Each structure stands twice: as structure tokens, then as C-alpha cells.
Amino acid sequence: MNDLIDLAVLYGHLSLLAFGGGPTVLPEMQRQIVEHGWMTGAEFAALFALAQAAPGPNMLVSTLVGLRVAGLPGAIIATLGMITPSSVLTVICLSAWDRFRDAPWRKIVQAGIVPVTAGLFLAAALLIAQAADRSIPLALLTVAVAGVSFATKIHPLWLLAAGASLGVIGAV
Amino acid sequence: MAASEPTPPPSVAAIFAGFFSVGIIGFGGVLPITRRMIVEQRQWMNGKEFTDILGLCQFLPGGNVINLAAAVGHRFRGIPGALAGLAGLMCAPMAIVIALGLFYGHFQDEPLVRRAFAGLAAAASGLIVAMALKIAAPLRTDLLGGLVALVTFAAIVWLRLPLLATMAVMAPLGIALAWRRAR
């Protein structure tokens, strides 16, 4: 029961901190989960990878964290925690949006948050990569996938499949 | 095309079905698929209306497509519409990821599964590295913006500061910077 409450609190507040999209809260999610003693950073990275291999929005890692911590109820609570507060806020703001959409302050706030979002994305990338890459070949795989994904429009699922295949044959 | 003909607003069931189709096929970046579904396939909105409502969803915190499902559903059918959009978007991916999670939990000590997941995790982190580089790339020519990004990065990665405290300092800094430029 305590775990369910802690999951709801964790994801409920991360939902409202995720400016610029879900991945910006990954470092904080990892930090709090590890501090809570729920799992190690490497285990979190494995769950993140698993979530990337499923279709749908990229915040499904919350479902997997909840599942690991407290089974099916945990999965549902964590997912609801991640989607409810921001969805409620969006619906509340919907009717006001027409009024402040073209306001100068709206554009300034949105432009001003961009570098912060970029810094948070870079932090998320480094922390996830650090947790996942426990050997030189794995780190090289991360660099290769990052390079191909950055430079081409290849479907991410091919890169994930290639990574898993290289793992199976023992190449990384 | 037939942009001038008003189409009747989608039913709650149609909202569920539309976002269900997005959830089930959307791998790594659901946004382009969502746009295609709403604007081209089902013609619930035109391109401008979609961009408009997306603007709100990107402005507010939370997953962009999750906010979009709530906003689009609510615009057409109120609270039931918002719930239908969210449920449609999330139910299939949640079921799939829970199945994957149970499988992984059961077999994670098998050497083969362990190796496959090590490779998968390394590749998945490569994807998010690429995503981060794409977002940060425009800051190469923006010294002060780049500095804000760097300090944010350092606060999280090296100083291990909580996100709330970091945002409370860095977001006003970034906004002040944008405000000075806009004057």
C-alpha cells in the first residue's frame, strides 16, 4: 500500500514537471527510484529499454516501474499518475488557450524553456546510456545507434532489433 | 480537398478507436502518426486546428501525445471524450508493455534473454542520445541558450540536484533571456 502511494506521488509530480515532453523527467525518475531502493540504475535502464520496444507514447517506462514495484496495481497507479495531472491541466487550459495563444508572454515563456529542455534531454541521454552501457562494446553500440538515428530517418524499431540481435549472438 | 465541408464531430467510440489505432502502431514518435490520423484519415480537424491544439499540449507539461488525446477528445465530446482518447491511446500499449515486463521478469536470469536485453538497452539509449542531440543542435549558434542548457545538464548529472529545484532556477533564467531578446 505504501508503495502504491509513493508511486502515485512520484509520477503525479513528475507529470507536472515534464516540460518539453516525458523524457525530461527521466533523470529525476531514475534518481528517486534508486534512492527509494526500488531498483538499481541498471535495472531502470533495462525497463526503459523494454518500454522503448513497445508501441505507444514513450512514457510507458512508468508502467514498467509500477509493475516491478507493486505488480499490476502498481503498473496502473504509476501510469495513471503519469497521465492524469497533465491531462487535467490540459483540459482546464483548453478554453483559455484561444486567449493566451498569441500573447507575447506565451511565446517568450515557450522560447525560454527550450534550452532548459535541451539540457534535461542531454542529461537523460547520458544517465540512461551510463546505466545501460556496462562494457565497451555496449557503449560502442549506443554510439553507433545514436549516429545512425541522428543522421538518417531509419525506423527506430530496426535499430532496437539490431541491438537485441547483437546481444543474442554475443557480439556486444 | 474537402476542407470546407464541415464533418460531424466524432463520437466517443470513434475517438477511442482513432487513438487506439495510434497507440497500437506508434513506435518511437507517435506524433506524426497522430497528425495523420486526425487531419488526413479521419478529418476531425484541418492542419491549422491541429497545430493550434498541439501548441497547447507542447506548452504544458506532460507527454505531448497524451495531452493531445485528452484535449482532442475533450474538444469534441467533453470529459467522456477526453477519457475515451486517453483510454484508446494507452490501453493497447499498456497491455503490451505489461506482457513484455512479465516476460522479462520471468526470464531475466536466462543468459540469452540477459544478453538480448543488454543489447536492446544499449540501442534504446542510443535512440535517446540522438533525440537529445537533435533538440540541442539549434543551440550551437546560441551562446547564452547553450550556457543555460549546459548549467541545467550539470545540475542534474554532476550535482545530482532535484529536478524541481533545478527548474525553479533555470526556467526563469531561460525565460528572462528570451524576454530580453524579444524587446
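A quick note: this is a predicted structure, and the numbers were derived from the prediction, not measured.

### Some points on the overall build of chain A
- Check the secondary structure of chain A and you find seven helices and zero strands.
- Going from the N terminus to the C terminus, chain A shows its helices and strands as α-α-α-α-α-α-α.
- The C-alpha extent of chain A, read off along each of the three principal axes, is 55 × 45 × 25 Å.
- A fraction of 57% describes how many contacts in chain A between residues 6 or more apart in sequence connect residues 24 or more apart.

### Section: the domain arrangement of chain B
- Splitting chain B by domain gives domain 1 (1-107), domain 2 (110-135) and domain 3 (142-183).
- Computed from C-alpha coordinates alone, the two centres of domain 1 of chain B and domain 2 of chain B are separated by 26 Å.

### Description of the packing of helix 6 (residues 136-151) of chain A against helix 7 (residues 156-168) of chain A
Residue and element names in this part refer to chain A.
- Between helix 6 and helix 7, whose axes approach to 11 Å, the crossing angle comes to 160°. Between helix 6 and helix 7, the angle is such that the two are roughly antiparallel. Helix 6 and helix 7 meet at a crossing whose hand is right-handed. Contact residues: Leu141, Val145, Val148 and Ser149 in helix 6; Pro156, Leu159, Gly163 and Leu166 in helix 7.
- Across the contact of helix 6 with helix 7, the residue classes tally to six nonpolar, two polar and no charged.

### Some details on the interface of chain B and chain A
- At the junction of the two partners, chain B supplies 80 residues and chain A supplies 85 residues.
- Those elements that provide at least two residues to the side of chain B that touches chain A are helix 1 (12-25), helix 3 (47-59), helix 4 (64-107), helix 5 (111-136), helix 6 (143-157) and helix 7 (163-182) of chain B.
- The biggest single contributor to the side of chain B that touches chain A is helix 5 of chain B, with 23 residues.
- Of the residues assigned to the side of chain B that touches chain A, the class counts are 60 nonpolar, 16 polar and four charged.

### Re the environment of Pro57(A)
- As for its placement among the helices and strands, Pro57(A) is situated in the loop between helix 3 (41-52) and helix 4 (61-100).
- The class of Pro57(A) is buried, set by 29 C-beta atoms lying within 10 Å.
- In this structure, the C-alpha to C-alpha distance between Pro57(A) and Gly22(A), residues 35 residues apart in sequence, is 9.0 Å.
- Those residues in contact with Pro57(A) that lie beyond four places of it in its chain are Val30(B), Gly63(B), Val65(B), Ile66(B), Leu89(B) and Pro93(B).

### Details of unusual backbone geometry
Residue and element names in this part refer to chain B.
- For Gln43, which is not glycine, the phi dihedral falls at a positive 50°.
- Following the sequence through the fold, Gln43 ends up in the loop between helix 2 (31-41) and helix 3.
- Positioned with a positive phi, Arg160 is a non-glycine residue whose angle comes to about 55°.
- Topologically, Arg160 is positioned in the loop between helix 6 and helix 7.

### Topic: helix 3 of chain A
- For helix 3 of chain A, which comprises 12 residues, the first-to-last C-alpha distance of 17 Å matches the rise-based estimate of 16 Å (1.5 Å per residue) to within 8%.
- Where burial is concerned, most of helix 3 of chain A is hidden: nine out of the 12 residues are buried.
- Burial in helix 3 of chain A covers these residues: Phe44(A), Ala45(A), Ala46(A), Leu47(A), Phe48(A), Ala49(A), Leu50(A), Ala51(A) and Gln52(A).
- Elements in contact with the buried residues of helix 3 of chain A: helix 2 (26-36), helix 4, helix 5 (104-132) and helix 7 of chain A together with helix 4 and helix 5 of chain B.

### Examining the packing of helix 2 of chain B against helix 4 of chain B
Residues and elements named next belong to chain B.
- At a closest axis distance of 10 Å, the pairing of helix 2 and helix 4 adopts a crossing angle of 20°. Taken together, helix 2 and helix 4 sit at an angle that is classed as roughly parallel. For the element pair helix 2 and helix 4, the recorded crossing hand is left-handed. From helix 2, Leu31, Thr34 and Ile38 reach across to helix 4, where they touch Asn64, Val65, Leu68 and Val72.

### Section: helix 7 of chain B
- Over its 20 residues, helix 7 of chain B runs 27 Å from end to end, which matches the ideal 28 Å to within 8%, given 1.5 Å per residue.
- Looking only at helix 7 of chain B, the buried set comprises Leu163(B), Thr166(B), Met167(B), Met170(B), Gly174(B) and Ala178(B).
- On the buried face of helix 7 of chain B, the contacting elements are helix 1 (2-17), helix 2 and helix 5 of chain A together with helix 6 of chain B.

### Concerning the nonpolar core
- Counting residues in hydrophobic clusters, the biggest one holds 116 residues, and the most contacted among them are Ala49(A), Phe121(A), Ala124(A), Ile128(A), Leu120(B), Ala121(B) and Ala132(B).
- Looking at which element gives the most residues to this core, the answer is helix 4 of chain B, with 17 residues.
- Setting aside residues no more than four positions away along its own chain, Ala124(A) makes contact with Pro23(A), Thr24(A), Leu26(A), Pro27(A), Ile128(B) and Ala132(B).

### A look at the environment of Pro9(B)
Residues and elements named next belong to chain B.
- Among the secondary structure elements, Pro9 is positioned in the segment before helix 1.
- On the basis of neighbour counts, which here come to 12 C-beta atoms within 10 Å, the residue Pro9 falls in the exposed class.
- In the structure, Pro9 is positioned 172 residues away from Arg181 in sequence and 42 Å away in space, judged by C-alpha atoms.

The rules behind the values
Residues numbered from 1 in each chain as written. Chains lettered and ligands numbered in written order. Predicted model: local features only at pLDDT ≥ 70, side-chain atom pairs only at ≥ 80, totals over all residues. Helix = DSSP H or I, 4+ residues; strand = E, 2+ residues; numbered from the N terminus. Contact = placed C-beta atoms within 7 Å. Domains from an automatic or database assignment. Axes fitted to C-alpha atoms, helices over the stretch in contact; angles between N-to-C directions. Parallel < 35°, antiparallel > 145°, perpendicular 65-115°, else oblique. Left-handed = near helix turned anticlockwise from the far one by under 90°. Nonpolar A, V, L, I, M, F, W, Y, C, P; charged D, E, K, R; others polar. Buried ≥ 20, exposed ≤ 12 C-beta atoms within 10 Å, placed from the backbone. Expected span 1.5 Å × (residues − 1). Core = buried A, V, L, I, M, F, W, Y, C linked by C-beta atoms within 7 Å.

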